[in-house]
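What follows is each chain in one-letter form.
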Amino acid sequence: SAERFARVALTALRTSPQLQRCDPASFLGALMTAAQLGLEPNTPLGHAYLIPFKRECTFILGYKGMIDLARR
């Protein structure tokens, strides 16, 4: 649901101070990519990760996320 996804995004921001320094547009873009794929980023499931590179937030698909997408 949208509420759960918003909580996951806020938790990612709280737990990683480097994500707070990222460009907001790149952060939202990475979140939208995760939402389109139906994956929750930065959770213990390991499906996807939001990784800060300098001031850009990058979406990285984990191998467990690849397996989940293949099963679907």
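Residues numbered from 1 in each chain as written. Predicted model: local features only at pLDDT ≥ 70, side-chain atom pairs only at ≥ 80, totals over all residues. Heavy atoms only, no water.

**Quick notes on the overall build of the protein chain**
So, step 1. In terms of helices and strands, the protein chain carries 4 helices and 2 strands.
So, step 2. Written out in order from the N terminus, the α and β elements of the protein chain read α-α-α-β-β-α.
So, step 3. In summary, the protein chain has a C-alpha radius of gyration of 12 Å against a globular reference of 11 Å for 72 residues, a match within 12%.
So, step 4. Its C-alpha atoms put the protein chain at 35 × 25 × 20 Å along the principal axes.
So, step 5. Looking at the 72 residues of the protein chain, the share that counts as buried comes to 33%.
So, step 6. Separation of charge centres in the protein chain, based on 9 positive and 5 negative side chains, amounts to 6 Å. (Helix = DSSP H or I, 4+ residues; strand = E, 2+ residues; numbered from the N terminus. Rg over C-alpha atoms; globule rule 2.2 N^0.38 Å. Buried < 20%, exposed > 50% of the residue type's maximum accessible area, 1.4 Å probe, protein only. Lys, Arg positive; Asp, Glu negative; His and termini not counted. Charge placed at Lys NZ, Arg CZ, Asp CG, Glu CD.)

**Some points on a nonpolar patch on the surface**
So, step 1. On the surface, Tyr49, Phe53 and Ile60 cluster together into a nonpolar patch covering about 270 Å² of accessible area.
So, step 2. Of note, Tyr49 is situated in strand β1 (residues 48–53).
So, step 3. On the basis of relative accessible area, Tyr49 is assigned to the partly exposed category, the value being 35%. (Patch = residues over 30% accessible without salt bridge, like charges linked within 9 Å, V, L, I, M, F, W, Y side chains within 5 Å. Areas by Shrake-Rupley, 256 points an atom, 1.4 Å probe, with all protein chains shown as cover. Salt bridge = Lys/Arg side-chain N within 4 Å of Asp/Glu carboxyl O.)

**Section: the packing of helix α1 (residues 2–15) against helix α3 (residues 24–37)**
So, step 1. Their axes nearest at 12 Å, the elements α1 and α3 cross at an angle of 135°. As summarised for this structure, α1 and α3 are arranged oblique, according to the angle between their axes. Crossing hand, α1 versus α3: right-handed. When α1 is examined against α3, the residues Phe5, Ala9 and Leu13 are found in contact with a partner set consisting of Phe27, Leu31, Ala34 and Ala35. (Axes fitted to C-alpha atoms, helices over the stretch in contact; angles between N-to-C directions. Parallel < 35°, antiparallel > 145°, perpendicular 65-115°, else oblique. Left-handed = near helix turned anticlockwise from the far one by under 90°. Contact = heavy atoms within 4.5 Å.)

**Let's talk about the nonpolar core**
So, step 1. Ranked by size, the top nonpolar core spans 14 residues in total, and within it Leu19, Phe27, Ala30, Leu31, Leu50, Cys57 and Phe59 carry the most contacts.
So, step 2. Secondary structure elements with two or more residues in this core: α1, α3, β1 and β2 (56–61).
So, step 3. In terms of residue count, the dominant contributor to this core is α3 (4 residues).
So, step 4. Aside from chain neighbours lying at most four places away, what touches Ala30 is Leu50, Cys57, Thr58 and Phe59. (Core = buried A, V, L, I, M, F, W, Y, C linked by side-chain atoms within 4.5 Å.)

**Section: α1**
Because the α-helix completes a turn every 3.6 residues, residues three or four places apart line up on one side.
So, step 1. A rise of 1.5 Å per residue sets the reference length of α1, with its 14 residues, at 20 Å; its end C-alpha atoms lie 20 Å apart and thus fit the reference within 8%.
So, step 2. Here α1 has its buried residues at Phe5, Val8, Ala9 and Ala12. All buried residues of α1 fall inside an arc of 95° around its axis, so they share one side. The outward face of α1, more than 90 degrees from its buried face, is lined by the exposed residues Glu3, Arg7 and Arg14.
So, step 3. Next to the buried residues of α1 lie α2 (17–20), α3 and β1. (Expected span 1.5 Å × (residues − 1). Arc of directions from axis to C-beta.)

The values reported here are purely geometric and, on their own, carry no functional implication.
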